[in-house]
2 protein chains.
Amino acid sequence: MSKDVTGPDLTGQQDLPARVEEFIGQELRDVDEIYFAELASANPYVTDVLGHVTRFRGKRLRPMLLLLSASATGRIHHSHKTLAAVVEMIHSATLVHDDVLDEAETRRHVATVNARWNNETSVLFGDYLFTHAFHLASTLETTYACRTIGRATNIICEGELSQIRERGNFDLGEEKYLQIINGKTAELCAVCCLLGAHYAGGDAQTVESLESYGRNLGIAFQIADDLLDILGSESETGKSLGSDFAKQKLTLPLIRLVEHADEPDAARIRELLSGADAKSWSQLLAFLETSDAVEYTRAKAQHYASSACQCLAGIPNSPGKRMLSEIAEFATRRTF
Amino acid sequence: MSKDVTGPDLTGQQDLPARVEEFIGQELRDVDEIYFAELASANPYVTDVLGHVTRFRGKRLRPMLLLLSASATGRIHHSHKTLAAVVEMIHSATLVHDDVLDEAETRRHVATVNARWNNETSVLFGDYLFTHAFHLASTLETTYACRTIGRATNIICEGELSQIRERGNFDLGEEKYLQIINGKTAELCAVCCLLGAHYAGGDAQTVESLESYGRNLGIAFQIADDLLDILGSESETGKSLGSDFAKQKLTLPLIRLVEHADEPDAARIRELLSGADAKSWSQLLAFLETSDAVEYTRAKAQHYASSACQCLAGIPNSPGKRMLSEIAEFATRRTF
């Protein structure tokens, strides 16, 4: 890993969002414009729901990955902005549908669509975001983007379906867990970077390196997110506490806990996992505190974040590349 | 309207499915093969849900419309079969998501996905069908199909969202109703015919005529379907009785009833509509019997079916064209 990427520069990493804003702020505003122009509707109900969904938009990580990958490879073109809007729509669609699945009441401190309106609106508005994403992708010259995004979304759906199937399986292994998060999270991050590099005219090696960067980053982000779901409180992360536990979705910290507990603790932990109530939760947290599970999970997230940075080794130094490295570092920072 | 289209030939119309099978049976089997190849998954859970959804597939009207429009315009190519699989996937996706919305327990006598598994599986499996549809469309040479299908699915989602918004509005007018069903049903039928004609090399006039045929047919079908929802019984149509009434979705027969009732009947009818229970339902049926609403609705469905046939007037006679005409006739036949 080259020094400029993970060296002392990162001490100033806290102001990363501000520097990204300074570097590609105008491009991100262009992306927003494309996003809202595509989703504009004469139907006031649609406008109303869209306005609401916009309030819980996050840091626009995926558009950033796409634009920074473009910049690290060559120049940012109009096609990149279009595609950045496409991936943001797909991400929004999965969030809206996830909230139906999780029966979540808040996301980033804002009521979810299903809590504010109803499940029907969530399902249909998620569909609306999906179909507009595909429509917008089809405005590019060739079918390359449609095909690439179509394949990625197929994999995302399979990842989500696998996750549901494994719910309540308290012997879920680490390998299966990684396979699930690779589908449901890492695939889209990988495709963002791939599209950024491809549409900037990157050679096969560059495109592949950036795709791998995105995949490793996505895995690191999801592991960190799953850890936060356990460690965080509602006020800190804007999500309900232990929501994965409540839905009996086993994530890495608890997988590690189950796998490395001796009997009779392991049996007791499985029992607590199936309890899915507040009392079981506090007892599980006590087990977690005396185990290496949290430390192990942090190390795993850091491992994938480092792998992400290593994927950038062959890419020439540039502000875009540096910011991609910093994002990888940032991925796990939240869990400390 | 030319004689061969709606003339005495139609007396043998009962065996239409058999004749369609004889005419394009092999092509429909090819479509099935493409459909299942695209949706094949290494995930046994996905295979399981897909196998189940397949059991409530209907008459494959949309693939038929696409192939027959191709045949009426020129020749059926491989791209038509691919697109026929695409439109069937989109239709399947909307059915799976509709069943979440309707909380339906059976469809065509088979348990719905949400009744057999859960809402989460329905949402994700519907997404899986949508994304595979777009992926499959992107395997064609140009972005034309992606763009056309993307635009159509945007309109379908808006139609469905409008419908939800108008639920419980007992003063929904006929115009708004037609606008909703034009989106949620007629758009996809129109696009099937448009794609069939376009990919068979039809000129602008032919493509437009067939698109209009599909739109009118779709409206006729939906009006007939809405009438059946009121008149039919669960055993006859495979749907729950009066499900639109139960969800406070106003359809044409009840719109007509409300609009043409004098006070105090009109007030009483609105009250019964808001009741949404069995007792209100039987009293509403009594009001319907003494009104012209059922007759009016049938006439409307027939009007759109006739318009569909008229759209074919400029298309040269062929077996494909004749079958399209017969399908239009068949659209309203079910309600007698």
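The rules behind each value
- Residues numbered from 1 in each chain as written.
- Chains lettered and ligands numbered in written order.
- Predicted model: local features only at pLDDT ≥ 70, side-chain atom pairs only at ≥ 80, totals over all residues.
- Heavy atoms only, no water.
- Helix = DSSP H or I, 4+ residues; strand = E, 2+ residues; numbered from the N terminus.
- Buried < 20%, exposed > 50% of the residue type's maximum accessible area, 1.4 Å probe, protein only.
- Contact = heavy atoms within 4.5 Å.
- Axes fitted to C-alpha atoms, helices over the stretch in contact; angles between N-to-C directions.
- Parallel < 35°, antiparallel > 145°, perpendicular 65-115°, else oblique.
- Nonpolar A, V, L, I, M, F, W, Y, C, P; charged D, E, K, R; others polar.
- Salt bridge = Lys/Arg side-chain N within 4 Å of Asp/Glu carboxyl O.
- Least-squares fit on C-alpha atoms with pLDDT ≥ 70 in both.
- Buried area = accessible area lost by both parts, 1.4 Å probe.
- Polar contact = N/O pair within 3.5 Å; in protein donor to acceptor, adjacent residues only side chain to side chain.
- Phe/Tyr/Trp six-rings, centres within 6.5 Å; stacked < 30°, edge-to-face > 60°.
- Lys NZ or Arg CZ within 6 Å of the ring centre and 35° of its normal.
- Core = buried A, V, L, I, M, F, W, Y, C linked by side-chain atoms within 4.5 Å.
- Left-handed = near helix turned anticlockwise from the far one by under 90°.
- Expected span 1.5 Å × (residues − 1).
- pLDDT = per-residue confidence, 0-100.

Colleague: So what exactly am I meant to see when it comes to unusual backbone geometry here?
Modeller: Peptide bonds are, in most cases, trans, and in most cases residues other than glycine have a negative phi. Look at the link from A:Glu263 to A:Pro264: it is a cis peptide, with omega at 5°. Take A:Pro264: it is sitting in the loop between helix 13 (252-260) and helix 14 (265-275). Here the phi dihedral of A:Arg60 falls at roughly 55°; this positive angle occurs in a residue that is not glycine. Structurally, A:Arg60 is set in the loop between helix 3 (44-55) and helix 4 (61-73). In this model, B:Gln248 sits at a positive phi of 55°, which is unusual for a non-glycine residue. By secondary structure assignment, the location of B:Gln248 is in the loop between helix 12 (243-246) and helix 13 (252-260).

Colleague: Whenever I open this one, the environment of A:Phe245 confuses me. Can you help?
Modeller: Residues and elements named next belong to chain A. Relative to the helices and strands, Phe245 is located in helix 12 (residues 243-246). Taking relative accessible area as the criterion, Phe245 reaches 7% and is therefore assigned buried. As a C-alpha pair, Phe245 and Leu272 span 27 residues in sequence and 9.9 Å in three-dimensional space. Residues in contact with Phe245, not counting those within four places in the same chain, are Asp229, Leu272, Leu273, Ala276, Asp277, Ser280, Trp281 and Leu284.

Colleague: Please clarify how the packing of helix 16 (residues 293-311) of chain B against helix 17 (residues 319-333) of chain B should be interpreted in this entry.
Modeller: Any two packed helices are characterised by how steeply their axes cross, that is the angle between the axes, and by the distance between the axes. Residues and elements named next belong to chain B. The geometry of helix 16 relative to helix 17 is characterised by a closest axis approach of 9 Å and an angle of 175° between their N-to-C directions. Between helix 16 and helix 17, the interaxial angle falls into the category roughly antiparallel. Where helix 16 abuts helix 17, its residues Ala301, Gln302, Ala305, Ala308 and Cys309 lie against Ser325, Ala328 and Thr332. Tallied by class, the residues present in the contact of helix 16 with helix 17 amount to five nonpolar, three polar and no charged.

Colleague: What's the story with the pattern of salt bridges in this structure? I'm lost.
Modeller: Close approach of charged atoms lets side chains of opposite charge pair. All names here are of chain A. All told, the structure shown has 30 salt bridges over all chains when counted by the stated rule. Ionic pairing is found between Asp292 and Arg256, a salt bridge with its closest N-O pair at 2.7 Å. Placement of the pair is Asp292 in the loop between helix 15 (278-289) and helix 16 (293-311) and Arg256 in helix 13, with a sequence separation of 36 residues. Exposure remark for Asp292: the relative accessible area of 35% places this residue in the partly exposed category. We classify Arg256 as buried; its relative accessible area is 13%.

Colleague: Just to check I follow, could you spell out the relation of the copies chain A and chain B for this structure?
Modeller: Once chain A is rotated about the relating axis by 180° and shifted along it by 0.0 Å, it coincides with chain B to within an RMSD of 0.0 Å. In the structure described here, the two chain copies are related by an operation that fits a two-fold rotation axis. Within chain A, the C-alpha atom positioned nearest to the axis of rotation is that of A:Thr143, 2.7 Å from it.

Colleague: Explain the interface of chain A and chain B to me, please; I cannot follow it from the model alone.
Modeller: Often, the extent of an interface is quoted as the loss of accessible area on bringing the components together. With 44 residues of chain A at the contact, the number on the chain B side is 44 residues. Summed over both sides, the interface of chain A with chain B buries roughly 3800 Å², with 67% coming from carbon and sulfur. A per-residue breakdown of the area chain A buries against chain B is headed by A:Glu120, A:Leu124 and A:Leu161, which together make up 17% of the total. Viewed at the interface, chain B and chain A are joined by four salt bridges. Applying the counting criterion to the chain A and chain B interface returns 14 residue pairs in polar contact (both at pLDDT 80 or more). Of all the elements in the fold, those that place two or more residues in the side of chain A that touches chain B are helix 3, helix 5 (78-102), helix 7 (119-137) and helix 8 (144-165) of chain A. Counted by class, the side of chain A that touches chain B contains 16 nonpolar, 17 polar and 11 charged residues.

Colleague: How should I be thinking about the packing of aromatic side chains in this particular structure?
Modeller: Each pair of aromatic rings is reported with the distance of its centres and the angle of its planes. Within this structure, the stated rule accounts for nine aromatic pairs over all chains. It is B:Arg256 that lies over the ring of B:Tyr296; its NZ or CZ is 3.8 Å from the centre.

Colleague: Looking at this model, I keep getting lost on the nonpolar core. Mind explaining?
Modeller: In summary, soluble globular proteins display a tendency toward joint burial of nonpolar side chains. With 208 residues, the main nonpolar core has A:Leu65, A:Tyr213, B:Leu65 and B:Tyr213 as its most contacted residues. Filtering out sequence-adjacent residues up to four positions away, B:Leu65 remains in contact with B:Cys189, B:Cys192, B:Cys193, B:Tyr213, B:Leu217, B:Leu324 and B:Ile327.

Colleague: Teacher, can you tell me more about the packing of helix 8 of chain A against helix 9 (residues 174-198) of chain A here?
Modeller: Residues and elements named next belong to chain A. Running from amino to carboxyl end, helix 8 crosses helix 9 at an angle of 165°, the nearest separation of the two axes being 7 Å. Considering the angle they form, helix 8 stands roughly antiparallel to helix 9. For the crossing formed where helix 8 meets helix 9, the hand is left-handed. In this structure, helix 8 contributes Tyr144, Thr148, Ile149, Ala152, Ile155, Ile156, Gly159, Glu160, Ser162 and Gln163 to the contact, and helix 9 contributes Lys176, Ile180, Gly183, Lys184, Glu187, Leu188, Val191, Leu194, Leu195 and His198.

Colleague: I keep staring at the environment of A:Gly196 and nothing clicks. Help me out?
Modeller: With respect to the helices and strands, A:Gly196 occurs in helix 9. Take A:Gly196: its relative accessible area is 0%, and that puts it in the buried class.

Colleague: It is not clear to me how helix 17 (residues 319-333) of chain A should be interpreted in this structure. Could you clarify?
Modeller: Given 3.6 residues per turn, any residue in an α-helix points the same way as the ones three and four places further on. The end-to-end C-alpha distance of helix 17 of chain A, which contains 15 residues, comes to 21 Å, matching closely the 21 Å that a straight helix rising 1.5 Å per residue would cover. Turning to helix 17 of chain A, its buried residues number three or more, namely A:Gly320, A:Lys321, A:Met323, A:Leu324, A:Ser325, A:Glu326, A:Ile327, A:Ala328, A:Ala331 and A:Thr332.

Colleague: Got a minute to help me understand the environment of A:Ile255 in this structure?
Modeller: Within the element layout of this structure, A:Ile255 appears in helix 13. Leaving out residues up to four positions away in the same chain, A:Ile255 has contacts with A:Leu172, A:Gly173, A:Glu174, A:Tyr177 and A:Leu250.

Colleague: Please clarify how helix 8 (residues 144-165) of chain B should be interpreted in this entry.
Modeller: Compared with the 32 Å implied by 1.5 Å per residue over 22 residues, the 32 Å span of helix 8 of chain B between its first and last C-alpha is a close match. Taking burial as the measure, the 22 residues of helix 8 of chain B include 16 buried ones, the bulk of the element.

Colleague: Could you clarify how one ought to interpret the confidence of the model for chain A in this entry?
Modeller: Segments scoring low in pLDDT should not have their predicted coordinates read at a detailed level. Residues and elements named next belong to chain A. Averaged over all residues, the pLDDT of chain A equals 88, while 87% of them reach at least 70. Scored below 50 in pLDDT, residues 1-12 makes 19 contacts in the model with residues more than four places away or belonging to other chains. Here the predicted complex carries an ipTM of 0.89, next to a pTM of 0.90.

Colleague: Explanation requested: the side chain of B:Thr131 in the structure shown.
Modeller: By secondary structure assignment, the location of B:Thr131 is in helix 7 (residues 119-137). At a separation of 3.3 Å, a polar atom in the side chain of B:Thr131 contacts the main-chain carbonyl oxygen of B:Tyr128. Contacts of B:Thr131, omitting those with residues within four sequence positions, involve A:Phe130, A:Phe134, A:Gly150, A:Thr153, A:Asn154 and A:Cys157.

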